[in-house]
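Residue strings, one per chain:
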Amino acid sequence: MQIGTHVLPNRLFVAPMAGVTDRPFRVLCKKLGAGHAVSEMVTSQPHLYASLKTSRRANHEGEPAPIAVQIAGVEPRQMAEAARYNIERGAQIIDINMGCPAKKVCNVFAGSALMQNEALALDIVDAVVQAAAPVPVTLKMRTGWCQSEKNALTIAQGAQARGVALIAIHGRTREQGYGGEAEYDTIAAVKRALRIPVVANGDIDSPEKAAFVFRKTGADALMIGRAAQGRPWIFGDIAHFLAHGTHRAPPRVLDAQQWLTEHLDDHYRLYGELTGTRSARKHIGWTLKQLPGGEDFRREMNLLDTSSQQLRRLAEWFGELARRHERLPLLPQPASVPLTA
């Protein structure tokens, strides 16, 4: 698997998720089997470059290469400048956000709202590709704006003609948000029509589903988002299943504790004590919800106000769990979306 001159270790990507896919999370996922990770989107508005939020999102200290930065905006010249700005600060791949369904993004006609205006969308692609060269540019988008306006194929073909190196497609329209079921026929149609790599995204939450989506779409790679929250080892699980056709054992309890602790230490360093302690709660909660007694413990964790308290109680709780179980006693997960033909 290759993006420009960058050879990736495998075909399993971490989806860029606002408020989730920060540097500590990307590093963790890469450590546990992801072959590529794209940053959560950063704004193309110059007056926000120096903001604390943007500077944190643009932090790649110690992250394994290639460094991929996703930019969001609606004005071609501004997007081109954002590409140059991030490349000067270490970006090795630029990703264009044309998939975010959030209202605050779509209300200014950025993100997936760009798919309503194909001419503008492709003007942005053209401007960014020219500004970034020779750094490769990728594109993340949806199947379309709504059920009656699925234009992913048209935009994908235009983007390929303008020099995009790879396209990732979430199998939902903007209208769907994250509801309903992802569909893969549109992704398959795009893959058949393009020469460049196509990445399938949406509802990939198990090794079986990953194998199914590869077969269904013919995609070159898969992008996994929400299923990696609290379960970052899913990339290794999928890779094992694709290679051997069998499931590997769940992680050892003490290994999972170590991964979570290392992740939280990095998280606190990036966000600072107050913000880091508060924002760490969601990552802790995602891990705990799949373990027996985890929901009650999560409520206790949400009352702790310092990072040292969080780490101490986690060590105690996981230590007790390890005395009863060598490996994580994972609770049954909600039924995956059916593997329909």
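Check the entry above for the structure.
As the structure is a prediction and not an experimental result, all values here were calculated from the model. (Residues numbered from 1 in each chain as written. Predicted model: local features only at pLDDT ≥ 70, side-chain atom pairs only at ≥ 80, totals over all residues. Heavy atoms only, no water.)

Re the pairing of strand β9 (residues 166-173)
Phase 1: In terms of residue burial, β9 counts as a mostly covered element, since eight of its eight residues are buried.
Phase 2: Relative to strand β10 (residues 198-201), β9 is paired through four bridges, and the arrangement is parallel. The residue of β10 that forms the bridge with Ile169 is Ala200.
Phase 3: A crossover links β9 with its parallel partner β10, the connecting element being helix α7 (residues 185-193), and its sense is right-handed. (Buried < 20%, exposed > 50% of the residue type's maximum accessible area, 1.4 Å probe, protein only. Helix = DSSP H or I, 4+ residues; strand = E, 2+ residues; numbered from the N terminus. Pairing = 2+ DSSP bridges. Right-handed = clockwise from strand over helix to strand, strands pointing away.)

Points about empty space enclosed by the protein
Phase 1: One pass over the structure, following the stated rule, counts two cavities of 30 Å³ or more.
Phase 2: Here the largest cavity defines a volume of roughly 120 Å³.
Phase 3: Looking at the largest cavity, the residues that line it are Phe25, Leu28, Gly230, Pro232, Trp233, Ala256, Trp259, Leu260, His263, His283, Trp286 and Thr287.
Phase 4: Secondary-structure elements contributing two or more residues to the lining of the largest cavity are α1 (23-31), α10 (253-271) and α11 (273-288).
Phase 5: Here the residues of the lining of the largest cavity sort into eight nonpolar, four polar and no charged.
Phase 6: The volume enclosed by the second largest cavity comes to roughly 70 Å³.
Phase 7: The wall of the second largest cavity is formed by Ile3, Phe13, His36, Val38, Asp95, Thr138, Leu139, Lys140, Leu166, Ala168 and Met223.
Phase 8: Listing elements by their share of the lining of the second largest cavity, those giving two or more residues are β8 (137-144) and β9.
Phase 9: If one sorts the elements of the lining of the second largest cavity by residue count, β8 sits on top with three residues.
Phase 10: Considered class by class, the residues forming the lining of the second largest cavity number seven nonpolar, two polar and two charged. (1 Å grid on protein atoms, 1.4 Å probe; cavity = no way out; pocket = protein on both sides within 12 Å on 5 of 7 lines; lining within 4 Å. Points joined across faces, edges and corners; volume = space filled by probe spheres on them. Nonpolar A, V, L, I, M, F, W, Y, C, P; charged D, E, K, R; others polar.)

A short note on helix α5 (residues 118-132)
Phase 1: For α5, which comprises 15 residues, the first-to-last C-alpha distance of 21 Å matches the rise-based estimate of 21 Å (1.5 Å per residue) to within 8%.
Phase 2: Residues Ala121, Leu122, Ile124, Val125, Val128, Val129, Ala131 and Ala132 constitute the buried set of α5.
Phase 3: Those residues of α5 that are buried lie in contact with β6 (68-72), α3 (76-88), β7 (93-98), β8 and α6 (152-161). (Expected span 1.5 Å × (residues − 1). Contact = heavy atoms within 4.5 Å.)

A look at the environment of Ala34
Phase 1: Position of Ala34 among the secondary structure elements: in the loop between α1 and β4 (36-37).
Phase 2: Note on Ala34: relative accessible area 5%, which makes it buried.
Phase 3: Along the primary structure Ala34 and Met223 are separated by 189 residues, whereas in three dimensions their C-alpha atoms are 9.4 Å apart.
Phase 4: With residues up to four places along the chain from it excluded, the contact list for Ala34 reads Asn10, Leu12, Val14, Cys29 and Phe235.

Observations regarding the side chain of Gln310
Phase 1: In this fold, Gln310 is placed in helix α13 (residues 307-324).
Phase 2: Look at Gln310 and you get buried, because its relative accessible area is 0%.
Phase 3: In terms of polar contacts, Gln310 uses its side chain to reach the backbone carbonyl oxygen of Thr277, at 2.9 Å.
Phase 4: Those residues in contact with Gln310, other than ones at most four positions away along the chain, are Tyr268, Thr277, Ala280, Arg281, Ile284, Met301 and Leu304. (Polar contact = N/O pair within 3.5 Å; in protein donor to acceptor, adjacent residues only side chain to side chain.)

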